[in-house]
2 protein chains.
Amino acid sequence: MPIPAEAFILDRHAAIPLQVQLRRQIIEGVMARRFRPGEKLPSIRALAGHLGVARVTVAQAFAELVATDYLSSRDRSGHYISDGIELAPDAGTPAPATPRLDWQRHLNRRFTRAQRRDRVPDWRRFRFPFVYGQADPELVDHAAWRDCAVRALGRREFDALTGDLYGEDDPELIDYIARHILTRRGIRAGPEEILLTLGAQNALWLISQILLGPGRCCAIEDPCYPGLREILTHDGAQVLPVAVDAQGLPPDAIPAGLSAVFTTASHQCPTGSTMPLARRHALLDRALTDGFALIEDDYEFELSFAGATSPALKAMDRGGAVIYVGSFSKSVFPGLRLGYVVADPAFIAEARALRGLALRHPPGHMQRTLAHFLSLGHHDAQMKRMRRSYAERRAVMLAAMAQEGLQMAGGATGGSSFWLASPVPSRALADLLRTRDVLIEPGWPFFARPDQGDGFFRLAYSSISAARIPEGIRRIAAAIREA
Amino acid sequence: MPIPAEAFILDRHAAIPLQVQLRRQIIEGVMARRFRPGEKLPSIRALAGHLGVARVTVAQAFAELVATDYLSSRDRSGHYISDGIELAPDAGTPAPATPRLDWQRHLNRRFTRAQRRDRVPDWRRFRFPFVYGQADPELVDHAAWRDCAVRALGRREFDALTGDLYGEDDPELIDYIARHILTRRGIRAGPEEILLTLGAQNALWLISQILLGPGRCCAIEDPCYPGLREILTHDGAQVLPVAVDAQGLPPDAIPAGLSAVFTTASHQCPTGSTMPLARRHALLDRALTDGFALIEDDYEFELSFAGATSPALKAMDRGGAVIYVGSFSKSVFPGLRLGYVVADPAFIAEARALRGLALRHPPGHMQRTLAHFLSLGHHDAQMKRMRRSYAERRAVMLAAMAQEGLQMAGGATGGSSFWLASPVPSRALADLLRTRDVLIEPGWPFFARPDQGDGFFRLAYSSISAARIPEGIRRIAAAIREA
């Protein structure tokens, strides 16, 4: 691509001649790899005009650089960055002579401190990725999504959805969620009770910002979803971890004086247990008598295939105490970044205002594409395909785990992963397996006290084919025996 | 669309017979407009199976509802919601008998309080919308965008971009921004100095969260961009408004002891003035001697057409004190929700971590589509078309304003709007004009003390055709004369 004239700026007050400044800027650009071999420079006339200097100044600078082989000149067609420049290995930016702002003093809130460091961005390179929460290209209906996206790119929809929507959401998508997604969970909600978010993570973040903060206190399940702990670490509220058992969160163990309780009742993250009906009633009663908000993260409910779906807590919530979080990351694909919150209109109004000031709204085009994907039945079809495929992979997993003697440590009512007991510290196990093309998730990021996670790991089957599962499980069992 | 069986849940512990419960749920659904005329109910067999009741129970409930005209039965094809139901006007949810959670006590942080209330979501319905920051469908290259989106929907790119990208951005987009967008502003930055955001609003929000908070102090321009004030209202930091003059923010007027100073140096929002070079140098010197971060919101720089673009503050920033904010909302379209921050790597690392916990990342598909739109030259072409069209509209505006005697109150170096003096209170003027099919933006949301804005209003020409401008200006002038 041609280098624009605007890439160059001269300082008329500097002691260095303009011609030399220009030469230095070109050399710097080449060395910093901003200008690449073969790229065309602006014409002498255009660059001189832009810089407000005589053409001879630019011509001299170019001639000098041709002589030193930084540039090559092709007759009449102009000047190009030379192909043959030997670049020194990138030594980074040299220490500048001017004083610099002390950023360490300026970074008032540090978010890198509690950042998750357990995720492997290049997971696709592993042959046996038992990695959770990523899409499997084999299961996503790419052609259907493309058709829906193209439909949403039609003239009329495009015009309506390219604007700043201010605080609003695509009414077609909200209507579909209310009438077809939520009804399947037994939830009744009007548009004033639903807000779109940038995935479930964004929903949990909005909730923490509105309900919590310094002086407030909340309970989370232990172990729990690490993304939630990451949010709460920065919130300033006191966070009490409550140990889950085989039936999920025990209502009796929840201390008094809380503002909010976070739960994954239908499918505890990461253990996979399902909260029985009696416990759900008890939890809802506690919410009303104690007066706390109950945040239900209903992730993966669409993937339940072992037994009937239990109704959501929100479906049983006569006191309006439940804030329900749903997401399309698992059932469509995670890069979509669309989820939703269902709650009391007073809460939704605050969440809408906060979303507006922090990010405005999810992109309109993604909203409308999803609305088409849902209303044309592609979502239902994809769910069916996913459930069928996951059921198959799950059976292969169970057989291989039994054969290799791997121990389950949690419930088994569907979803896309198993929670396993690790007879050896799982962090070291994960490190070892990585050198053998296998990715597993060690238990430590899930626990309030990371060392408690050493006895566990998670094996997801959402991004690994059934054919590769047995060999993957064999490698895990072998690594355990060695360690 | 058919109503799924999962829309119904029975309570076996309730005193009410199951058949009656089912009937009530159907009637409730109809009354609440969740079930609509003509929609098909599940078959008796399927619904009985889902509910775990005898088929006769469902059959009785359906027969009763056919008798009372809620349902109609079509021979052999099943049961449908009747077409002829008279719905009472929506009276809202009746007061429930159970105790309810007191949300007013639970909403710890209120974001609706400082919410902007000056925006008109249905601006498209007005014949003369002098509204700022919305796309003009005539100027957006819809066909090119669609082609780029389809390209980004190709199998290989789709697979790579539908996953959870964790903290990463599309490297192709970052590379293009670094080498072609930033170089035009004289800015040199590597990938570790650039972060994608959900538009400029999201960028400003990330910055405030990292640098400010209780106990910190910052300065903003007065008047300034209302979205920034909205963010800072909730931040807890002390905010000092500094009055701008015809050359933008005066460095001498900035008090000591600040952590951050926000500026729109190249094109002050909303007055449109451009900060001269000497003042820029003085401002950068102050940043280093006082030790404050300088946040440069370089919105609309692509739209400068009256005179040469001045280099960005960030281009002159040898001390690394500047955090640069850019956006594609104006140059592509606002619903895209993509912008970027350029700053010291230490700051970018914190911003990336915060973005990760609050929303993960902007959708991968939007990132890649934009990368194509940029690298195939569509962005440059669209910019040229916009500049040409805005220049034409601007000339028509100037002529009409001169003829009608409307007074400019700010600079005039390009962009997409004029800042005008209002001889009558502009809030009342805007209300009056709305009844006459004209949208203007009154001055109050821009000022620290809203009443100071009564003497001003903004007229944007980014969403109104040149042909309609003269009549729009005539109506404004007429309304001023009347008031």
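Here the residue numbering is sequential within each chain, running from 1 through the sequence in written order. Working convention: letters from A go to chains and numbers from 1 go to ligands, in the order in which they are written. Per-residue local features are limited, in this predicted model, to residues with pLDDT of at least 70; the limit for side-chain atom pairs, both in listing and counting, is 80 or more; totals at the level of whole chains, interfaces and linings are taken over all residues. Note: side-chain values were computed over all heavy atoms of the structure, leaving out hydrogens and water.

Identification of chain A as Transcriptional regulator, GntR family from Paracoccus alcaliphilus is taken from an unreviewed UniProt entry. Looking at chain A in UniProt, the text filed under Sequence similarities (unreviewed entry) is "In the C-terminal section; belongs to the class-I pyridoxal-phosphate-dependent aminotransferase family." UniProt positions are given in the numbering used here, feature names are shortened, and annotations may be inferred rather than shown by experiment.

Draft legend 1. Quick look at the overall build of chain A. Numbering of helices and strands runs from the N terminus; a helix is a DSSP stretch of H or I covering at least four residues, while a strand is a stretch of E covering at least two. Along its length, chain A carries 15 helices and 14 strands. Counting over 483 residues, chain A shows a buried share of 59%. Distance between charge centroids for chain A: 3 Å, based on 58 positive and 53 negative side chains. Summary of the burial criterion: residues with accessible area below 20% of their type's maximum are buried, those above 50% are exposed, and those between are partly exposed, where the area comes from a 1.4 Å probe applied to protein chains only. This count recognises Lys and Arg as positive and Asp and Glu as negative, with His and chain-terminal groups excluded. A charged residue contributes its charge at one atom only: NZ of Lys, CZ of Arg, CG of Asp or CD of Glu.

Draft legend 2. Focus on the interface of chain A and chain B. Residue contacts follow a heavy-atom distance rule, with two residues in contact if any of their heavy atoms lie within 4.5 Å. Across the boundary between the two partners, chain A contributes 120 residues, which contact 120 residues of chain B. In total, about 10400 Å² of surface goes out of reach between chain A and chain B, with carbon and sulfur atoms giving 57% of it. Values labelled buried area give the accessible surface lost by two parts on being combined, using a 1.4 Å probe and summing over both. Among the residues chain A hides against chain B, the three largest losses belong to W103, Y166 and L357 of chain A. Together they make up 8% of the total. Whenever a carboxyl oxygen of Asp or Glu lies within 4 Å of a side-chain nitrogen of Lys or Arg, that contact is scored as a salt bridge. The tally of links from chain A across to chain B stands at eight salt bridges. With a closest N to O distance of 3.6 Å, D344 of chain A and R100 of chain B form a salt bridge. Any N or O atom pair separated by 3.5 Å or less is treated as a polar contact, with the protein-specific requirement of one donor-capable and one acceptor-capable atom, and with residues adjacent in sequence counted only for side-chain atom pairs. Taken together, the connections running from chain A to chain B amount to 55 residue pairs in polar contact (both at pLDDT 80 or more). Looking at the side of chain A that touches chain B, the element that brings in the most residues is helix 11 (residues 345-359) of chain A, giving ten residues.

Draft legend 3. Region of interest: the relation of the copies chain A and chain B. Residues below a pLDDT of 70 in either copy are left out; the C-alpha atoms of the rest, at least 70 in both, set the least-squares superposition of the copies. Overlay of chain A on chain B (RMSD 0.1 Å): rotation 180°, translation along the axis 0.1 Å. Such a combination of rotation and displacement between the chain copies is what one expects of a two-fold axis. Considering only C-alpha atoms, the residue of chain A closest to the rotation axis is V150 of chain A, which sits at 3.6 Å.

Draft legend 4. Expanded view of helix 5 (residues 142-152) of chain A. The complete set of buried residues in helix 5 of chain A reads H142, A144, W145, C148, A149 and A152 of chain A. Within helix 5 of chain A, the buried residues cover an arc of 165° as seen down the axis, which keeps them to one side. Elements that come into contact with the buried residues of helix 5 of chain A comprise helix 6 (155-161), helix 12 (364-375) and helix 13 (378-404) of chain A together with helix 6 (155-161) of chain B. Working definition: the arc comes from the directions between the helix axis and the C-beta atoms, pointing outward to the latter.

Draft legend 5. Structural view of the sheet that holds strand 9 (residues 322-327) of chain B. Residue and element names in this part refer to chain B. What makes two strands pair is DSSP finding at least two bridges between them. Spatial ordering of the open sheet is given by 4-10-9-8-7-5-6, a layout of seven strands whose pairing is mixed. The strands lining the two open edges of the sheet, one partner per strand, are strand 4 (194-197) and strand 6 (238-243). Geometrically, the sheet is characterised by an average inter-axis angle of 20° between neighbouring strands, direction not taken into account. Here four bridges tie strand 8 (residues 293-297) to strand 9, and the two strands are oriented parallel to one another. Looking at strand 9, one finds that D297 is bridged to V325. Throughout, an axis means a line fitted to C-alpha atoms (over the contacting stretch in the case of helices), and angles, computed between N-to-C directions, take values from 0 to 180 degrees.

Draft legend 6. Local environment of the domain arrangement of chain A. Residue ranges for the domains trace back to a domain assignment, done automatically or taken from a database. You can read the domains of chain A as domain 1 (5-81), domain 2 (123-136 + 380-482) and domain 3 (142-379). On a C-alpha basis, the centres of domain 1 of chain A and domain 2 of chain A stand 56 Å from each other.

Draft legend 7. How the structure looks around the nonpolar core. Within the largest apolar cluster, 108 residues are counted, with the highest numbers of intra-cluster contacts made by L211, F262 and F347 of chain A together with L211, F262 and F347 of chain B. What F262 of chain B contacts, discounting residues up to four positions off in sequence, is L204, I207, L212, C218, A219, I220, E221, L228, L232, L249 and I295 of chain B. In terms of nonpolar packing, the next biggest core, distinct from the first, is built from 68 residues, L153 of chain A together with L182, V342 and A371 of chain B among them. We define the nonpolar core as a collection of buried residues of types Ala, Val, Leu, Ile, Met, Phe, Trp, Tyr and Cys that are connected through side-chain atoms lying within 4.5 Å of one another.

Draft legend 8. Examining the UniProt feature "domain: HTH gntR-type" (unreviewed entry) in chain A more closely. In this structure's numbering, the residues bearing the UniProt feature "domain: HTH gntR-type" (unreviewed entry) are residues 16-84 of chain A. In residues 16-84 of chain A, helix accounts for 51% and strand for 12%; the two terminal C-alpha atoms are 28 Å from one another.

Draft legend 9. A look at the packing of helix 13 of chain A against helix 15 (residues 469-482) of chain A. Residue and element names in this part refer to chain A. Close contact between helix 13 and helix 15 brings their axes to 9 Å; oriented N to C, the two are set at 30°. The angle between helix 13 and helix 15 places the two elements in the roughly parallel class. The crossing of helix 13 and helix 15 is right-handed. For the pair helix 13 and helix 15, contact is made by R393, V396, M397, A400, M401 and E404 and by I469, P470, I473, R474, A477 and R481, respectively. Polar here means any residue outside two lists: the nonpolar Ala, Val, Leu, Ile, Met, Phe, Trp, Tyr, Cys and Pro, and the charged Asp, Glu, Lys and Arg; Gly therefore counts as polar. Residue classes in the contact of helix 13 with helix 15 are distributed as eight nonpolar, no polar and four charged. Put simply, angles under 35 degrees are roughly parallel, angles over 145 are roughly antiparallel, angles from 65 to 115 are roughly perpendicular, and the rest are oblique. Handedness of each helix crossing follows the sense of rotation of the near helix against the far helix: counterclockwise by less than a right angle gives left-handed, clockwise gives right-handed.

Draft legend 10. A look at helix 11 (residues 345-359) of chain B. Residues and elements named next belong to chain B. Taking 1.5 Å of rise per residue, the 15 residues of helix 11 would be expected to cover 21 Å, and the 20 Å separating its terminal C-alpha atoms lies within 8% of that figure. The buried count for helix 11 comes to eleven of 15 residues, which makes it a mostly enclosed element. Here helix 11 has its buried residues at F347, I348, E350, A351, A353, L354, R355, G356, L357, A358 and L359. The backbone nitrogen of A346 lies 2.9 Å from a side-chain oxygen of the residue at the head of helix 11, namely D344. Immediately beyond the C-terminal end of helix 11, within one or two residues, lies R360, with a positive phi of roughly 70°. A helix is expected to span 1.5 Å multiplied by its residue count minus one.

Draft legend 11. The pairing of strand 8 of chain B, seen in detail. All names here are of chain B. Of all five residues making up strand 8, five are buried, and the element is well covered by its neighbours. Bridge analysis of strand 7 (residues 260-263) against strand 8 gives four bridges, and the strand direction is parallel. Residue pairing across strands places F262 opposite I295, the latter belonging to strand 8. Orient the strands so they point away from the viewer; a crossover is then right-handed if the path from the first strand over the helix to the second runs clockwise. A crossover connection joins strand 7 to the parallel strand 8 through helix 10 (residues 277-291); in handedness this β-α-β unit is right-handed.

Draft legend 12. Representation of the packing of helix 14 (residues 426-434) of chain A against helix 15 of chain A. Residue and element names in this part refer to chain A. Between helix 14 and helix 15, whose axes approach to 10 Å, the crossing angle comes to 125°. It follows that helix 14 is oblique to helix 15 by the angle criterion. The element helix 14 and its partner helix 15 pack so that their crossing is right-handed. Residues L429, L432 and L433 of helix 14 form the contact with helix 15, whose participating residues are R475, I476, A479 and I480. Partitioning the contact of helix 14 with helix 15 into residue classes produces six nonpolar, no polar and one charged.

Draft legend 13. Inspection of the sheet that holds strand 11 (residues 417-421) of chain B at higher detail. Residues and elements named next belong to chain B. Taking strand neighbours across the sheet as the criterion, the three strands line up as 11-14-13 in an open arrangement whose pairing is antiparallel. Each edge of the sheet is formed by a strand with only one pairing partner; in this case those strands are strand 11 and strand 13 (441-442). Pairing analysis gives two bridges linking strand 13 to strand 14 (residues 456-460), with the strands arranged antiparallel. Its bridge partner lying in strand 14, P442 is registered against F457.

Draft legend 14. Seen up close, the state of the cysteines. Residues and elements named next belong to chain B. Pairs of cysteine sulfur atoms within 2.5 Å are what we label disulfides. Throughout the structure, instances matching the rule amount to zero disulfides over all chains. Not part of a disulfide, C269 finds its nearest cysteine sulfur in C224, a span of 7.2 Å. Assessed through its relative accessible area of 4%, C269 is described here as buried.

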